Amino acid sequence: MNADQGRGVEAELRLTRPGFELDVDLAVAGGCITSVVGPSGAGKTTLLRCLAGLERDVRGRIVVAGETWLDASRALPTHRRRLGFVFQDASLFGHLDVRGNLRYGERRVPRDQRRAAFDEVVAWLELDGLLERRVHGLSGGERQRVALGRALLASPSLLLIDEPLSALDAAARERILPWLEDLPARFAAPVLHVSHSLREVARLARDLVWLEDGRVREAGPARELLPLVGSTDDELAAALRGTLVEHHDDDGLSAVDVDGVTFFVRRVDAPLGSGARLLVQARDVSVALEADSGSSILNEVPVVLARVRRVASGAILELDTPRGQRLYARITRRSLRLLALDRPEAVGRDLFARVKSVGVAPSGTRAS
Amino acid sequence: MDWSALRLSGELAAVTTLVLLVIGTPLAWWLAGGRSTLRSVVETIVALPLVLPPTVLGFYLLVVMGPRGPIGELLDDLGGPKLVFTFTGLVVASVLFSLPFVVQPLRNAFRALGRRPVEAAATLGAGPVDRFLTVVVPSVLPAYVTAAVLAFAHTVGEFGVVLMIGGSLPETRVASIAVWEAVESLDYDRAHAMSAVLVAGSFVVLLAANLLERRAARGSEA
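The name given to chain B in an unreviewed UniProt entry is Molybdenum transport system permease, and the organism recorded there is Rohdeia mirabilis. The Function (unreviewed entry) field of the UniProt record for chain B holds the comment "Part of the binding-protein-dependent transport system for molybdenum; probably responsible for the translocation of the substrate across the membrane." A UniProt comment under Sequence similarities (unreviewed entry) is attached to chain B, and it reads "Belongs to the binding-protein-dependent transport system permease family. CysTW subfamily."

Within an unreviewed UniProt entry, the label attached to chain A reads Sulfate/thiosulfate import ATP-binding protein CysA, and the organism entered is Rohdeia mirabilis.

(A) Structural view of the overall build of chain B. A count of helices and strands for chain B gives 11 helices and zero strands. Scanning chain B from its N terminus toward the C terminus, one meets helices and strands in the order α-α-α-α-α-α-α-α-α-α-α. Counting only C-alpha atoms and orienting by the principal axes, one finds that chain B spans roughly 65 × 45 × 30 Å. Among the 222 residues that make up chain B, the fraction classed as buried is 41%. Nonlocal contacts in chain B, meaning residues at least 24 apart in sequence, comprise 73% of its contacts between residues at least 6 apart. About 11300 Å² of surface is accessible on chain B, with carbon and sulfur atoms providing 69% of the total. Within chain B, one finds 15 positive and 16 negative side-chain charges whose respective centroids are separated by 12 Å.

(B) Quick look at the UniProt feature "domain: ABC transmembrane type-1" (unreviewed entry) in chain B. As recorded in UniProt, the feature "domain: ABC transmembrane type-1" (unreviewed entry) lies at residues 6-209 of chain B. Along residues 6-209 of chain B, the helical share is 81% and the strand share 0%, with 20 Å between the first and last C-alpha atoms.

(C) Representation of the packing of aromatic side chains in the model. What the rule picks out here adds up to seven aromatic pairs over all chains. Residues F85 of chain A and F87 of chain A carry aromatic rings whose centres are separated by 4.3 Å and whose planes lie at 15 degrees to one another, so their mutual orientation is stacked. Given the relative accessible area of 5%, F85 of chain A is considered buried. For F87 of chain A, a relative accessible area of 2% translates into the label buried. Between F110 of chain B and F132 of chain B, the ring centres sit 5.9 Å apart and the planes meet at 65 degrees, which makes this aromatic pair edge-to-face. Placement of F110 of chain B in helix 5 (residues 87-113) and of F132 of chain B in helix 7 (residues 128-139) is noted, with a sequence separation of 22 residues between them. When sorted by exposure, F110 of chain B lands in the same class as F132 of chain B, which is buried. Members of the aromatic cluster, connected to one another through ring pairs, are W29, F110 and F132 of chain B.

(D) Inspection of unusual backbone geometry at higher detail. Residues and elements named next belong to chain A. Non-glycine residue S155 carries a positive phi angle of around 50 degrees. As for its position among the elements, S155 is in the loop between helix 5 (140-153) and strand 7 (158-162). Look at S155 and you get buried, because its relative accessible area is 2%.

(E) Main features of the pairing of strand 10 (residues 215-221) of chain A. Residue and element names in this part refer to chain A. Counting buried positions over the seven residues of strand 10 gives five, a clear majority of the element. Pairing between strand 9 (residues 207-212) and strand 10: six bridges, direction antiparallel. Counterpart to L211 in the pairing with strand 10 is V216.

(F) The arrangement of empty space enclosed by the protein in detail. Residues and elements named next belong to chain A. All chains considered together, the criterion is met by one cavity of 30 Å³ or more. In this structure, the largest cavity encloses a volume near 50 Å³. In terms of lining, the largest cavity is formed by V86, Q144, L148, I161, P164, I176 and L180. Every element with two or more residues in the lining of the largest cavity is listed here: helix 5 and helix 6 (170-186).

(G) Fine view of the interface of chain A and chain B. Between chain A and chain B, the contact holds 20 residues from the first and 22 residues from the second. Counting the surface chain A buries against chain B, the share from its top three residues, H79, H95 and R108 of chain A, is 33%. D130 of chain B is the partner of R108 of chain A in a salt bridge, and the nearest nitrogen-oxygen pair spans 2.7 Å. For the pair chain A and chain B, the interface holds six residue pairs in polar contact (both at pLDDT 80 or more). At the level of elements, strand 6 (83-86), helix 3 (98-107) and helix 5 of chain A are the ones that each hand at least two residues to the side of chain A that touches chain B. Looking at side-chain class alone, the side of chain A that touches chain B contains eight nonpolar, seven polar and five charged residues.

(H) Local environment of a nonpolar patch on the surface. Judged by side-chain polarity, F203, V204, L207 and L211 of chain B come together as a nonpolar surface patch covering roughly 410 Å² of accessible area. Residue position: F203 of chain B is located in helix 11 (residues 188-221).

(I) Summary view of the layout of surface pockets. In this structure, the largest pocket encloses a volume near 730 Å³. For the largest pocket, the lining is made up of 28 residues, of which G53, L54 and R56 of chain A together with E119 and R131 of chain B are closest to its centre. Those elements that provide at least two residues to the lining of the largest pocket are helix 2 (44-52) of chain A together with helix 1 (3-32), helix 6 (116-123) and helix 7 of chain B. Sort the elements by how many residues they give to the lining of the largest pocket and helix 7 of chain B lands first, with four residues. Of the residues belonging to the lining of the largest pocket, the class tally is 14 nonpolar, four polar and 10 charged.

(J) Molecular detail of the sheet that holds strand 15 (residues 285-288) of chain A. All names here are of chain A. Ordered by their spatial adjacency, five strands build an open sheet running 15-19-16-17-18, and the pairing between neighbours is antiparallel. Each having just a single partner strand, strand 15 and strand 18 (326-331) make up the two edges of the open sheet. Strand-to-strand twist of the sheet, defined as the mean angle between neighbouring strand axes without regard to direction, takes the value 45 degrees. In the sheet, strand 16 (residues 300-311) pairs with strand 17 (residues 314-320) via seven bridges, with the strands oriented antiparallel. Counted as the bridge partner of R309 is I316 from strand 17.

(K) Local environment of the nonpolar core. Membership of the largest hydrophobic core comes to 41 residues, with the highest contact counts inside it found for L13, L51, I62, F85, L160 and L211 of chain A. L13 of chain A has contacts with L22, D23, V24, L47, C50, L51, V58, R59, I62 and L70 of chain A, leaving out every residue within four places of it along the chain.

(L) Spotlight on the environment of A315 of chain A. Residues and elements named next belong to chain A. Relative to the elements of secondary structure, A315 occurs in strand 17. Separated by 15 residues in the primary sequence, A315 and R330 place their C-alpha atoms 5.9 Å from one another. With near-sequence residues (within four places) excluded, A315 lies in contact with V308, R309, R310, A329, R330, I331 and L336.

Rules used throughout
- Residues numbered from 1 in each chain as written.
- Chains lettered and ligands numbered in written order.
- Predicted model: local features only at pLDDT ≥ 70, side-chain atom pairs only at ≥ 80, totals over all residues.
- Heavy atoms only, no water.
- UniProt positions renumbered as here; feature names shortened; annotations may be inferred.
- Helix = DSSP H or I, 4+ residues; strand = E, 2+ residues; numbered from the N terminus.
- Buried < 20%, exposed > 50% of the residue type's maximum accessible area, 1.4 Å probe, protein only.
- Contact = heavy atoms within 4.5 Å.
- Areas by Shrake-Rupley, 256 points an atom, 1.4 Å probe, with all protein chains shown as cover.
- Lys, Arg positive; Asp, Glu negative; His and termini not counted.
- Charge placed at Lys NZ, Arg CZ, Asp CG, Glu CD.
- Phe/Tyr/Trp six-rings, centres within 6.5 Å; stacked < 30°, edge-to-face > 60°.
- Pairing = 2+ DSSP bridges.
- 1 Å grid on protein atoms, 1.4 Å probe; cavity = no way out; pocket = protein on both sides within 12 Å on 5 of 7 lines; lining within 4 Å.
- Points joined across faces, edges and corners; volume = space filled by probe spheres on them.
- Buried area = accessible area lost by both parts, 1.4 Å probe.
- Salt bridge = Lys/Arg side-chain N within 4 Å of Asp/Glu carboxyl O.
- Polar contact = N/O pair within 3.5 Å; in protein donor to acceptor, adjacent residues only side chain to side chain.
- Nonpolar A, V, L, I, M, F, W, Y, C, P; charged D, E, K, R; others polar.
- Patch = residues over 30% accessible without salt bridge, like charges linked within 9 Å, V, L, I, M, F, W, Y side chains within 5 Å.
- Axes fitted to C-alpha atoms, helices over the stretch in contact; angles between N-to-C directions.
- Core = buried A, V, L, I, M, F, W, Y, C linked by side-chain atoms within 4.5 Å.

Structure below.
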């Protein structure tokens, strides 16, 4: 275990709510930002709240910087967990001025355990001119800076940031991003950051945790996973794992076997037999009821319909390949009706997914 | 002029208000915490004094707290204070009678505040009592002013309950009773004097509260 992991976070969290279940194993390193991404309702904010002790009846284990916050025998209450939480809406205290807000957490840390100096944090976040101001007069960006400073001054062993930019306009976002980018250089503890914006994640995160339906779908270095993550339904993509089986140098193509189906992709520079990860956009997948063996469409996969999710433009079909890999297809409402997939009994049906175009993700396969 | 009656009214109202703030705070906090059948039942009980004639409330209190009533007997067995025709009894009755005037404004303010500020304080290391005193109370200060003024004014103004529980002994004759007695004995001069003091006093208290509340509201907003 290296030094980073020693200061990091290890957590196994189980939480059951009506209609929702969180079941997450996660390791977060210190000295960098780890972003939690995933569709709405995936449990991103709930995950942060569980770590902070703000949700009841959480089971599992949380160890932060060697200190156990949660296990089978005890759960530390929130105020005994050394953490910082930057809420989406900043949640500053309206009855205190900026200085009072900044000092609130700092005052509750014993002097010899303080790891952040008030003057340094104020100077870094450029809050000097605001200290005597009431918080109601602050702009959105100023509020988030105060919230960030307030959290840092509590000398946290884990910093949790929930969609810090979502309440801001584009210009304010641009102005506050540099501070967040600068965070790992100033702050050694792990930072867990929830975001909807892939652009924000691309700039901030070293690691990524991809949540779906309360579970970790993928976790790993952001630069590998980021291309696979669709934050909106338009960008939704699936990653299929396969094996490189053939090179067709004449056509500039490589053949990749995915669950017994051959996909042809742009020539990959890798030895045969090595793993390859295919990136399939939901908008490039259509479905049919029958196999179309005679046509020119090469990339056709037998699948089982797992779920139909209605979206504004139609529906997202969640499809399982023969070996249980997940594929998405975005189809129109009309197709949904014509294929009779809008009925509950359609779930479990055998279908054929036709993949119009497929990309190759950077290698480095890492199972979730 | 019956100064002792006026002083007694003021003392009773002050003690009642203090007790009400202490009891009403946790009760209102609990009621604001969510909705359940138990909460609805308790909320209804708290609101009852708003609709019941004071004499009805006073009558039942007399029955329950009297020497033969269950609470009266229990207290007697335990060597506790007598509750009927005593100052303590007046405080107990006034507290019950004015409970909704404290609980309702506080509960509404707690609900409007929401849990988020409390959660934020917890993440910053403040324990339950700490965050209540340093975040919740200052944030809902205007509601506390309202609650205290309503409790005080309502206690000074009560008559039926006080008459039932306290009667008109020197120890329990509050201003409203004294005015009524003066009128009964056709001593209109005394009734006039007492009433005028009550009107002027009430006006000053309410005006002060009003101004204070406006300042508190500005303070927690601006």
